[in-house]
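# Understanding the architecture of this molecule
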Amino acid sequence: MNCALCQCESPLQNSHIVPEFFYKQLYDDIHRFHVVSSDSSKSDFLKQKGVREKLLCENCEQKISRWEKYAKEAFGNGLGIQIVRTGNIFRLSNLNYQTFRLFLLSLLWRMGVSKLEFFEDTRLGEKHQEILRKALLNGDPLEPLQYPCLISAVQLNGEFHRAWISQSMHNKSGNYHCHCIVINGILFCFFVASHAMPAVFGEVCINKKNEMSVYFGEVKEIPFLAEFASNLGNAIRSRRTKQV
Ligand SMILES: [Zn+2]
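None of these values were measured; they are calculated from a predicted model.

Let us look at the overall build of the protein. Summing up its helical and strand segments, the protein has seven helices and ten strands in all. Looking at the protein as a whole, 33% of its 244 residues are labelled buried. When contacts within the protein are restricted to residue pairs at least 6 apart in sequence, long-range pairs at least 24 apart make up 72% of them.

What follows is the structure, encoded as structure tokens:
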């Protein structure tokens, strides 16, 4: 098996697809994940094994972990990032465009390349998969309007759930594809299209002025996510019924 990123033949690591730092917080005392599927027929195998897959060689694994380290520190420790709040919108500035973008693109790419059932709804297609692979390999963060990622902190009935991790989701919005995942209550929404994205994405998603906005709000205000949450509720109920 070759490394999915550099394509060299090399022993593969048991790579994590969802950034490890995000789900470290999700371990409870018996080392299970609070991972939920909106489809009750799917097994909860991820609860035991984590979201891992033989994917990358050691070099590529380390490369991605450097970008993740930055994202972790940026989210966790602030790293000199300035935040201004206006209502439900948090405006972040002083982020490192290159590193943060590479982290985001690596997340999208890993979701797309993964063969795990958990990510089965994220299919980017050969062309986008290859553009992303080359960008990551060359450390190229691409332009802000290429695969922009909208980040929101989502609440369920007024509460923020740090332990909430979802399967990846897909929907089509206008003439672009939207690939999303909730990790630790943070919704990452990637927009994928061959044509140029509306310039407004450059205001909201991270741009070269090192700024980005994060929306903080209710799940029900994000229509497709509300649908997901409702399916999730049904899945949990039906799982409970099965266990009885
Ligand atoms: Zn590699």
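After that view, the rundown keeps rolling.
An α-helix turns once per 3.6 residues; consequently, residues spaced three or four apart project the same way. The end-to-end C-alpha separation of helix H4 (residues 97-113) is 24 Å, in line with the 24 Å expected for 17 residues at 1.5 Å each. Counted residue by residue, H4 has 13 buried out of 17 residues, so it is predominantly covered.

With that out of the way, let us pick up the confidence of the model for the protein. Detailed reading of predicted coordinates is not advised where the pLDDT is low. For the protein, the mean per-residue pLDDT works out to 81, and 77% of the residues sit at or above 70. Within the protein, no element has a lower average pLDDT than helix H2 (residues 45-49), which sits at 46, and none a higher one than helix H5 (residues 126-137), at 97. A low-confidence stretch, residues 25-35 stays under pLDDT 50, and its non-local contacts, those more than four residues away or across chains, total 17 contacts. Counting contacts from residues 43-49, a segment whose pLDDT is below 50, to residues more than four positions away or on other chains yields eight contacts.

This part covers the packing of H4 against H5. Orientation of H4 relative to H5, taken along the N-to-C sense of each, is 135°, at an axis distance of 10 Å. Put simply, H4 runs oblique to H5. As H4 runs across H5, the sense of the crossing is left-handed. Within the contact between the two elements, H4 uses Leu102, Leu105, Ser106, Leu108, Trp109, Gly112 and Val113 and H5 uses Gln129, Leu132, Arg133, Ala135 and Leu136.

Our next topic: the nonpolar core. Residues Leu56, Phe103, Leu104, Leu105, Leu108, Val182 and Phe190 are the most contacted members of the largest nonpolar core, which totals 48 residues. The set of elements that each furnish at least two residues to this core consists of helix H3 (58-77), H4, H5, strand E5 (149-156), strand E8 (176-183) and strand E9 (186-192). Excluding its chain neighbours within four sequence positions, the residues that come into contact with leucine 105 are Leu132, Ala135, Leu136, Leu142 and Tyr147.

Along the chain, the position of tryptophan 109 falls in helix H4. Take tryptophan 109: there are 25 C-beta atoms within 10 Å of it, and that puts it in the buried class. In the structure, tryptophan 109 is positioned 104 residues away from leucine 5 in sequence and 9.4 Å away in space, judged by C-alpha atoms. Apart from the residues lying within four places of it in its own chain, the contact partners of tryptophan 109 are Leu132, Arg133 and Leu136.

Moving on to the pairing of strand E3 (residues 82-86). Looking down a regular strand, the side chains alternate between one sheet face and the other. Within E3, only zero of the five residues are buried, which leaves it mostly out in the open. Pairing of E3 with strand E4 (residues 89-93), which is carried by five bridges, proceeds in the antiparallel orientation. Within E4, the position partnered with glutamine 82 by the bridge is serine 93. As consecutive antiparallel partners, E3 and E4 are separated by two residues, and within that stretch glycine 87 has a phi angle of approximately 60°, a positive value.

Let us look at H5. Between the first and last C-alpha of H5 there are 16 Å, a value that for twelve residues agrees with the 16 Å anticipated at 1.5 Å per step. Within the sequence span of H5, burial applies to His128, Leu132 and Leu136. The buried residues of H5 occupy one face: seen down the axis, they fall within an arc of 65°. Among the exposed residues of H5, those oriented more than 90 degrees off its buried face are Glu126, Lys127, Glu130 and Lys134. For H5, the elements touching its buried residues are H4 and E9. One or two residues past the end of H5 sits glycine 139, with phi positive at roughly 65°.

For the rest of this paragraph, the subject is the pairing of E4. For E4 and strand E10 (residues 212-218), the ladder comprises four bridges, and the chain directions are antiparallel. Note on E10: the bridge partner recorded for phenylalanine 90 is valine 214.

The next point concerns unusual backbone geometry. Positive phi, normally seen in glycine, also occurs at leucine 142, with a value near 60°. Within the fold, leucine 142 resides in the loop between H5 and E5. At tyrosine 147, a residue that is not glycine, the phi angle is positive and equals roughly 50°. Relative to the helices and strands, tyrosine 147 resides in the loop between H5 and E5.

A word on the environment of proline 198. Looking at the secondary structure, you find proline 198 in the loop between E9 and helix H6 (201-204). Separated by 53 residues in the primary sequence, proline 198 and leucine 145 place their C-alpha atoms 7.8 Å from one another.

About the criteria used
Residues numbered from 1 in each chain as written. Predicted model: local features only at pLDDT ≥ 70, side-chain atom pairs only at ≥ 80, totals over all residues. Helix = DSSP H or I, 4+ residues; strand = E, 2+ residues; numbered from the N terminus. Buried ≥ 20, exposed ≤ 12 C-beta atoms within 10 Å, placed from the backbone. Contact = placed C-beta atoms within 7 Å. Expected span 1.5 Å × (residues − 1). pLDDT = per-residue confidence, 0-100. Axes fitted to C-alpha atoms, helices over the stretch in contact; angles between N-to-C directions. Parallel < 35°, antiparallel > 145°, perpendicular 65-115°, else oblique. Left-handed = near helix turned anticlockwise from the far one by under 90°. Core = buried A, V, L, I, M, F, W, Y, C linked by C-beta atoms within 7 Å. Pairing = 2+ DSSP bridges. Arc of directions from axis to C-beta.

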